[in-house]
Amino acid sequence: MAEVRIAQDWKEVLHEEFSKPYFEELVEFVKGEYATDTVYPAGGNIFRAFDKCPFDKIKVVIIGQDPYHGPGQANGLCFSVARGVQFPPSLQNIFKEVQSDIGTPIPDSGELDRWAEQGVLLLNAVLTVRAHQAASHAGRGWERFTDAVVRAIAERKDKVVYMLWGSYAQKKGSIANPNNNLILKAVHPSPLSAYRGFFGCKHFSEANRYLESVGKTPIVW
């Protein structure tokens, strides 16, 4: 497993979590998986969401569930894929809604680094997965860790936009205080549900209006 990269301020925010017994067990499990199986994303990208979006810069939190489990897809940011990789259906639908909402053309790359670098934390609930086996690393401790991440944001930051797509994300983000933040909820952008309320949710324009209203620079979606 390659050395993982994570922004320094996240190390400080999460240092207690990293030393808890459950996390040490999780690390051993994940190391074993990388040693014996094909696991995504690449080891050095496990904490890439935290490296591309330092804690101090967070403006928006988007919560996914599980990394993509096909070859070359997962890159450590939820919904994002590496440059040159075909858009998975959920990402295609996200871009369609951005285009419909604010007029931004569908890009030629599904790499969402440009969002993360503007302060969008693209957080999966589970940070690793075995190839071709969805949810294969669920229930091993990642959910507890990412719950702690959401809690740290909720306790230490306000005026944050939470985009919670689908019941799983809505449950995970429920700790955020709606009085001090903007909580946006819709169905998941997957083809199974996008037409039941993701399309037309206008979360991207709503997020930017809110950010401007609290004196923050809007996101270039």
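How each quantity is defined
Residues numbered from 1 in each chain as written. Predicted model: local features only at pLDDT ≥ 70, side-chain atom pairs only at ≥ 80, totals over all residues. Heavy atoms only, no water. Core = buried A, V, L, I, M, F, W, Y, C linked by side-chain atoms within 4.5 Å. Buried < 20%, exposed > 50% of the residue type's maximum accessible area, 1.4 Å probe, protein only. Contact = heavy atoms within 4.5 Å. Helix = DSSP H or I, 4+ residues; strand = E, 2+ residues; numbered from the N terminus. Pairing = 2+ DSSP bridges.

Chemist: Before we go on, may I ask you to explain the nonpolar core in this structure?
Modeler: One broad rule of soluble globular proteins: the nonpolar side chains tend to lie buried together. Core analysis: the largest hydrophobic core is formed by 72 residues, its most contacted members being Trp10 and Trp115. Excluding residues that lie within four positions of it along the chain, tryptophan 10 makes contacts with Phe50, Cys53, Pro54, Phe55, Ile58, Leu121, Val149 and Ile153.

Chemist: Would you mind going over the pairing of strand E2 (residues 60-64) with me for this structure?
Modeler: Across the five residues of E2, five count as buried, placing the element largely inside the fold. Residues of E2 alternate between two faces, with Val60, Ile62 and Gly64 on one and Val61 and Ile63 on the opposite face, all of them buried. Two elements, E2 and strand E3 (residues 120-124), share five bridges in a ladder whose sense is parallel. Counted as the bridge partner of glycine 64 is asparagine 124 from E3. The sheet contact formed by E2 and strand E5 (residues 161-165) spans three bridges and is parallel. When the sheet's bridge partners are listed, valine 60 is paired in E5 with valine 161.

Chemist: How do you make sense of the environment of arginine 209 when you look at a structure like this?
Modeler: Within the fold, arginine 209 resides in helix H8 (residues 203-213). Among the residues examined, arginine 209 registers a relative accessible area of 53% and is labelled exposed. Along the sequence, arginine 209 and isoleucine 219 sit ten residues apart, while their C-alpha atoms lie 10.0 Å from each other.

Nothing here speaks to function; it is geometry throughout.
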